Amino acid sequence: MRRITGEAKDETLIELHSVTDSHTGDGPAVLTVFRTNLHSDENGGNSVDSLSERTTLPGNTETEKLQQNKDTVFFRDGVRRVDFVLSYVEDKDGEKKQERRRAFEANLEKEGLELETEDKSDAKDQRTYFLKIHAPWNVLATYADVLKIKVPFKTSDVPHGQDVPLEWLSHPFRLPEHIMRPQPDYFTYPFDKTKTDFFLINDKDTFFPPSTRNRIVYYILARCPYYKEGLKERDKTGIKRLLSNGTYTAAFPLHDCRYWKRARNAECESERYNLYQHWARFLIFYKEQPLNLIRKYYGEKIGIYFAWLGFYTEMLFFAAVMGVICFTYGLLSYEENVSSKEICNADIGGSIVMCPLCDKKCPFWKLNSTCLSSWQSHLFDNEGTVFFAIFMGIWVTLFLEFWKRRQARLEYEWDLVDFEEEQQQLQMRPEFEIQCTNKRLNKITQEMEPYLPATSKCARFCLSTATVIFWVTECVSPQYAVSLVSQRSHMCALPQVSLIVACIIGVIAYRLAVYAAFASIIKDPLRKIQLVGRFITPQLATSVTASCINFVIIMILNFFYERVAIWITDMEIPKTHLEYENRLTMKMFLFQFVNYYSSCFYVAFFKGKFVGSPGDYTYMFGRWSNLRNEECDPGGCLIELTTQLVIVMSGKQLWGNIQEALLPLMRNWWSSRKGRRHPENHYSRWEQDHALLNFTQLGLFYEYLEMVVQFGFITLFVASFPLAPLLALFNNILEIRVDAWKFTTQFKRPVASKARNIGAWQEILNAVAILSVVTNAFIMAFTSDMIPRMVFLYAYGENETMIGYVNNSLSMYKISQIHEDNMPEERDDWFGNSTTTCRYRDYRYPPGHNNEYSHTMQFWHILAAKMAFIIIMEHVVFVVKFLVAWMIPDVPTGVKARFKRERYLIQEYLHNYEVERLKLQLSASFITEPQSGMSLLTDKHEMVSECL
């Protein structure tokens, strides 16, 4: 292998001859003459001039063509493909880094890789070197055998499927066949270097696709040491460490062309261009995704993500339709809402004086001031919500079960059925190999392998668990405090981090001021500024603004949680990439779960539930703290939960899309603006890709996390906001195209990697699905007013109507018995002359009764009805869930049959191949080395035994 490094003039001559060689038959001779002259030039001769005298150089026209052909993915000889690129710059610490590079590159050459360096004088910034790496056939074959990469050996004769009735209806959503199926279907078998004639190898240069080639090269780079021969320094291994210490600045495979234009070289597939045209443009959002092409270009791991995201979006359509129907029912039943009419009625709601909602600052107020919020509550808190909650419990089961079937189909079509064992055994992380110095015998492979001692593993596990608990506690504390102050500033627990304490104190001060200001605004219904009081209550105002503050704090805390989760997982030293991702997934989702959902859990299940009653209010830290537990809005807590959910969910989706779309665009623009003096085609393919953003190992992890958090919003709290699936549907339609655009245009090409399924996210989705049944049952029972209304309608209402429900749901308290600390500071006369009692939300006996201010029998009836509803709803939904899961097999029958058929054909074909191979060996042995009959029989017996 000859490594060529030259100046711009020399490189131009090489590339020039490679262009002309494609049209003439004497290319190799010309290239050999140049190399010889280059060598003599290094010894002092002026060989370039002599070569110019002996070789006719092309004119200006050819030079212009040459300049345009810099966008190539081949070495200068135009034959060897660039499988990977490393970049580096020379800096003040250049000697140490140069020594590392020399050792690393020498070891790469020993592995059989071929290298070629582009001088910095040709780079746009005049300071970056590019090391191009090519893997020849021997290297690819060796590591394909090691990694057990499945390759084709026979064209598949298994039909794809039967014709679907009314298939013509889906034609507008279809993509061209060559895009959907970029290559024929084959029967595949793990590559064996000793049986190359068994496989369909028409051309060794194109037998392994670029995604497989860059995967193999990266496998070598990740394990290649950079210490000198004879020096065993285990930590000096792998491209990751060289990137972290600045020896190299980037390592990436090349895109095959520019995304807006096909490659000039016919040998380039231009798959990036096809992906952009048929997948990454938003105007084709209604089209299906070219999953096979995504898998072929980016690898199975990215392909399975987009398959899951597309299927999730398809299933969201049905949930969104049902949510719109439920919301429409709330609109159509608007005029039949007797409770809201009574609240808004001047003779009923206008005559009911309500007790103060907070101490000192809050006045007495009239019930009809909450007229608008009661109408808003009815849109989401109606009989249709119960049906929708049950429907979503079944929908989530159908989604997970049908996804298992889709995933099984992809496993078969993408040759991932047996991948998991290979992943566990062969894909050991280089970090594990480096940090674990102890070795033991593997009982399966009978080879020595590194391992982590049990004592070290236990210590790391304990430290990891303690750290997770510590940060989760911190996560709960600020979210709980913000949720408390979102209505009127109560703090539950004191976090340990000064940043979080500062955030809480700031929110508390802000919320106190806002609530007091709005409470003073709406206390007098005759004031001219009543316009504000008509459309917003103090509770709603503080809920909206505090939800926004809560969202900002969530974004800030995410910054810390991400780094803590990665640090903990690195400390545990997982053995394989799969273990690493699964552990990181569980930790990160736990942090995000508490961070995003804690405020919603508080509003849904704690707010307004432990208030007490006038004269006996409950305080968070005791009466001395003056932090009285907050009450719900007169329209109920469900509308406040809706507000919290809408702001956090919509804000997250909006911020996520801004981050995913605008930030990569701005970063790439900023990095590429430096040194660019010419159009894009004046720069080489590796320079163009070098300016793009890196797609990190955890890049796909964050995409999953974003969608799973959204999945939690639309399942855990969907009873409070039936339009949540519709918002998620619109977001995901945009998300698919934004992610596609980002992968195709803004990121370097990621290293192809395999994944059989979505990993630990599947178990997380299952857990969220089960928890969602419980949360929605409790929301309907304790957060919604549906159960109290139903009990009143069928047990206490006149002629089974809702007339009188508002008066029935409010208890009385004597104003004169209210403690002075609970009375408002400003005493107005407009209520004092009209009544001696105030009302509050509860079911207690009125003053003067024998059981004064104690709970009525109706309170216990309602509580019993709530518990019965929870039990019935949970059991009904769970029975239906498990019944549906049992009825729907995880693997489709057709896939099972095709898989068995393929296994049978593979075994048959392999048997025939071995028999033919044995015959040829016996014939050759008989012809070349005649032996006695007994000896021949013995050899034949041994060969047959070996074959079997």
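Everything numeric in this text was worked out from a predicted model, so none of it was measured.

A.B. asks: Even after reading the chapter, I still don't get the overall build of the protein chain, so can you show me in this structure?
C.D. replies: When you go through the protein chain residue by residue, the secondary structure sums to 33 helices and 15 strands. Relative to its 948 residues, the protein chain shows a buried fraction of 51%. Once local pairs closer than 6 in sequence are excluded, the contacts in the protein chain between residues at least 24 apart make up 77%. Here the protein chain displays about 44800 Å² of accessible surface, and carbon together with sulfur accounts for 59% of that area.

A.B. asks: Where do I start with the packing of helix α29 (residues 786-796) against helix α31 (residues 857-887) in this structure?
C.D. replies: Describing two packed helices takes the angle between their axes plus the distance from one axis to the other. Between α29 and α31, the shortest axis-to-axis distance is 9 Å and the interhelical angle comes to 120°. Relative to α31, the element α29 is oriented oblique. Two packed elements cross with a definite hand, and for α29 against α31 that hand is right-handed. Each of Met786, Ile787, Pro788, Val791, Phe792 and Tyr796 in α29 lies in contact with α31, whose residues at this interface are Met857, Gln858, His861, Ile862, Ala865, Lys866 and Phe869. The residue makeup of the contact of α29 with α31, split by class, is 10 nonpolar, 2 polar and 1 charged.

A.B. asks: How should I be thinking about the side chain of Ser374 in this particular structure?
C.D. replies: Here Ser374 is to be found in helix α15 (residues 371-380). Here Ser374 falls in the buried class, since its relative accessible area comes to 6%. Reaching out from Ser374, the side chain makes a polar contact with the backbone oxygen of Cys371 at a distance of 2.6 Å. Among residues more than four places away in sequence, those in contact with Ser374 are Asn337, Ser340, Ile343 and Cys344.

A.B. asks: Is there a simple way to think about the pattern of salt bridges in this case?
C.D. replies: Side-chain pairs of opposite charge can arise whenever the charged atoms involved come near each other. Enumeration over the complete set of coordinates arrives at 32 salt bridges. One salt bridge in this structure joins Asp739 and Lys742, with 3.5 Å as the shortest N-O distance. Within this pair, Asp739 and its partner Lys742 are both found in helix α27 (residues 724-746), separated by 3 residues, close to a single helical turn. Accessibility assignment for this pair places Asp739 and Lys742 in one class, buried. Where Lys919 meets Glu916, a salt bridge forms, and the shortest distance between an N and an O atom there is 4.0 Å. In this pair, Lys919 and Glu916 are both assigned in helix α32 (residues 893-928), 3 residues apart and thus about one turn of the helix distant. Taken together, the salt bridges that share partners define one network made up of Arg76, Glu116, Glu118 and Lys132.

A.B. asks: What is the right way to look at the state of the cysteines in this model?
C.D. replies: In protein chemistry, a disulfide is the covalent bond that joins the sulfur atoms of two cysteines. Enumeration according to the criterion identifies 2 disulfides in this entry. One disulfide in the model links Cys344 with Cys371; its S-S distance is 1.7 Å. The sign of the S-S torsion, about 95°, decides the handedness of the disulfide formed by Cys344 and Cys371: right-handed. Of this pair, Cys344 sits in helix α14 (residues 338-344) while Cys371 sits in helix α15, and the two are 27 residues apart along the sequence. Here Cys355 pairs with Cys838 through a disulfide, and the sulfurs are 1.9 Å apart.

A.B. asks: For this particular structure, what's the right way to read a nonpolar patch on the surface?
C.D. replies: A cluster of nonpolar side chains, Leu654, Trp655, Ile658, Leu662, Met666, Trp669 and Trp670, forms an exposed patch at the surface whose accessible area comes to about 760 Å². As for its position among the elements, Leu654 is in helix α24 (residues 638-673). Judged by relative accessible area, Leu654 falls into the exposed class, the value being 55%.

A.B. asks: Got a minute to help me understand helix α9 (residues 210-223) in this structure?
C.D. replies: Note: α-helices contain 3.6 residues per turn, so residues at a spacing of three or four share the same orientation. Its 14 residues place the ends of α9 20 Å apart at the C-alpha level, agreeing with the 20 Å of an ideal helix rising 1.5 Å per residue. The buried count for α9 comes to 12 of 14 residues, which makes it a mostly enclosed element. All buried positions along α9 are accounted for by Pro210, Ser211, Thr212, Arg213, Asn214, Arg215, Ile216, Val217, Tyr219, Ile220, Leu221 and Ala222.

A.B. asks: Mind showing me how you'd approach helix α16 (residues 383-413) here?
C.D. replies: Along its 31 residues, α16 runs 45 Å from first to last C-alpha, staying within 8% of the 45 Å computed at 1.5 Å per residue. The backbone nitrogen of Gly384 has a side-chain oxygen 2.9 Å away, supplied by the residue at the start of α16, namely Asn382. Immediately downstream of α16, the backbone of Asp415 shows phi near 60°, a positive value.

A.B. asks: Honestly, the environment of Glu335 in this entry has me stumped. Any pointers?
C.D. replies: Inspection of the secondary structure puts Glu335 in the loop between α13 (300-332) and α14. Among the residues examined, Glu335 registers a relative accessible area of 54% and is labelled exposed. Put simply, Glu335 and Trp375 are 40 residues apart on the chain and 9.7 Å apart in space, counted from C-alpha to C-alpha.

A.B. asks: Even after reading the chapter, I still don't get the packing of aromatic side chains, so can you show me in this structure?
C.D. replies: Two numbers describe a pair of aromatic rings. These are the distance of the centres and the angle of the planes. If you walk through the whole model with that rule in mind, you get 62 aromatic pairs. With a centroid separation of 5.7 Å and an interplanar angle of 35°, the aromatic rings of Phe327 and Phe380 are classed as tilted. Taken together, the positions of Phe327 in helix α13 and Phe380 in helix α15 put the pair 53 residues apart, joining distant regions of the chain. When sorted by exposure, Phe327 lands in the same class as Phe380, which is buried. A cation over a ring is seen here: Arg749 above Tyr297, with NZ or CZ 3.8 Å from the ring centre.

A.B. asks: Explain the nonpolar core to me, please; I cannot follow it from the model alone.
C.D. replies: Taken as a class, soluble globular proteins show a tendency for nonpolar side chains to be buried jointly. Core analysis: the biggest nonpolar cluster contains 124 residues, and Trp308, Tyr312, Trp395, Phe399, Tyr597 and Trp761 have the highest contact counts within it. Per-element accounting of this core gives the leading share, 16 residues, to α13. If sequence neighbours within four positions are ignored, Trp308 has contacts with Phe399, Trp403, Tyr704, Met707, Ile758 and Leu765. One finds Tyr88, Ile133, Val217 and Val895 within the second-largest nonpolar core, a separate group that totals 44 residues.

A.B. asks: Looking at this structure, how should I read unusual backbone geometry?
C.D. replies: The phi angle of most residues is negative, glycine excepted, and most peptide bonds adopt the trans form. Positive phi outside glycine occurs at Asp415, with the angle close to 60°. Here Asp415 is to be found in the loop between α16 and α17 (419-426). A residue is classified by how much of its surface remains accessible, and Asp415, at 17% relative accessible area, is buried. The backbone of Ile573 shows a phi angle near 55°, a positive value even though the residue is not glycine. A relative accessible area of 5% places Ile573 in the buried class.

A.B. asks: Looking at this structure, how should I read the confidence of the model for the protein chain?
C.D. replies: Atomic detail in the predicted coordinates should be set aside for any region of low pLDDT. Per-residue pLDDT for the protein chain has a mean of 77; in total, 76% of the residues score no lower than 70. Scored below 50 in pLDDT, residues 1-68 makes 75 contacts in the model with residues more than four places away or belonging to other chains. Note on residues 475-509: pLDDT under 50 across the span, and 92 contacts to partners over four residues away in sequence or across chains.

Reading guide: rules and limits
Residues numbered from 1 in each chain as written. Predicted model: local features only at pLDDT ≥ 70, side-chain atom pairs only at ≥ 80, totals over all residues. Heavy atoms only, no water. Helix = DSSP H or I, 4+ residues; strand = E, 2+ residues; numbered from the N terminus. Buried < 20%, exposed > 50% of the residue type's maximum accessible area, 1.4 Å probe, protein only. Contact = heavy atoms within 4.5 Å. Areas by Shrake-Rupley, 256 points an atom, 1.4 Å probe, with all protein chains shown as cover. Axes fitted to C-alpha atoms, helices over the stretch in contact; angles between N-to-C directions. Parallel < 35°, antiparallel > 145°, perpendicular 65-115°, else oblique. Left-handed = near helix turned anticlockwise from the far one by under 90°. Nonpolar A, V, L, I, M, F, W, Y, C, P; charged D, E, K, R; others polar. Polar contact = N/O pair within 3.5 Å; in protein donor to acceptor, adjacent residues only side chain to side chain. Salt bridge = Lys/Arg side-chain N within 4 Å of Asp/Glu carboxyl O. Disulfide = S-S within 2.5 Å. Patch = residues over 30% accessible without salt bridge, like charges linked within 9 Å, V, L, I, M, F, W, Y side chains within 5 Å. Expected span 1.5 Å × (residues − 1). Phe/Tyr/Trp six-rings, centres within 6.5 Å; stacked < 30°, edge-to-face > 60°. Lys NZ or Arg CZ within 6 Å of the ring centre and 35° of its normal. Core = buried A, V, L, I, M, F, W, Y, C linked by side-chain atoms within 4.5 Å. pLDDT = per-residue confidence, 0-100.

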